[in-house]
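# Examination of the molecular architecture
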Amino acid sequence: QFNEVSQPSDYTQQVVKLVTTLQNHPIYEPESISALCNWGVTHIYHGQGQGKVGNSGPQLFTLGDLHSSPNQFSLIYHEDRVQIFEINSTVCDNQP
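In this report, we go over the structure that sits alongside the text. (Residues numbered from 1 in each chain as written. Predicted model: local features only at pLDDT ≥ 70, side-chain atom pairs only at ≥ 80, totals over all residues. Heavy atoms only, no water.)

Burial along strand β1 (residues 43–46) is one-sided: Ile44 and His46 are buried, and none of His43 and Tyr45, which face the opposite way, are. When β1 meets strand β3 (residues 82–87), the two strands line up antiparallel, connected through 4 bridges. When the bridges of β3 are listed, Ile44 appears paired with Phe85. (Buried < 20%, exposed > 50% of the residue type's maximum accessible area, 1.4 Å probe, protein only. Helix = DSSP H or I, 4+ residues; strand = E, 2+ residues; numbered from the N terminus. Pairing = 2+ DSSP bridges.)

Put into structure tokens, the structure is as follows:
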């Protein structure tokens, strides 16, 4: 049996806040890491769109950002232009 869980009333605002944080701070900075951890994000997908939101949106992060932060992100999959990174578990454990 499946039960749907409703989204909080401020879900849209929270998504906008997360995207705004990632637009204003590189993904490896404490503000971005904290936001990702608070959302429960464990993996980052960098696919064919190369980090853009939608077809014409801003690029929130680059592969260079992820590769240059091995203490925070580990590459676990790479095929063609798709790369998947795992947020190292100790990163979120050390968040306030």
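Structure shown, so let's carry the discussion forward.
Within helix α2 (residues 30–39) the residues assigned to the buried category are Ser32, Ile33, Ala35, Leu36 and Cys37. Looking at the buried side of α2, the elements it contacts are α1 (11–24), β1, β2 (73–79), β3 and α4 (89–93). Directly after α2, the chain includes Gly40, whose backbone phi takes a positive value near 80°. (Contact = heavy atoms within 4.5 Å.)

Here we take up the state of the cysteines. Scanning the entire structure with this criterion turns up 1 disulfide. Disulfide pairing places Cys37 opposite Cys92 at an S-S distance of 1.9 Å. Around the S-S axis, the bridge from Cys37 to Cys92 shows a dihedral of about -85° and counts as left-handed. In this pair, Cys37 is assigned in helix α2 and Cys92 in helix α4, connecting sequence segments 55 residues apart. The exposure class assigned to Cys37 is buried, which follows from its relative accessible area of 15%. What makes Cys92 partly exposed here is its relative accessible area of 26%. (Disulfide = S-S within 2.5 Å.)

One non-glycine residue, Asp80, adopts positive backbone phi at about 55°. Looking at where Asp80 falls in the secondary structure, it is placed in the loop between β2 and β3.

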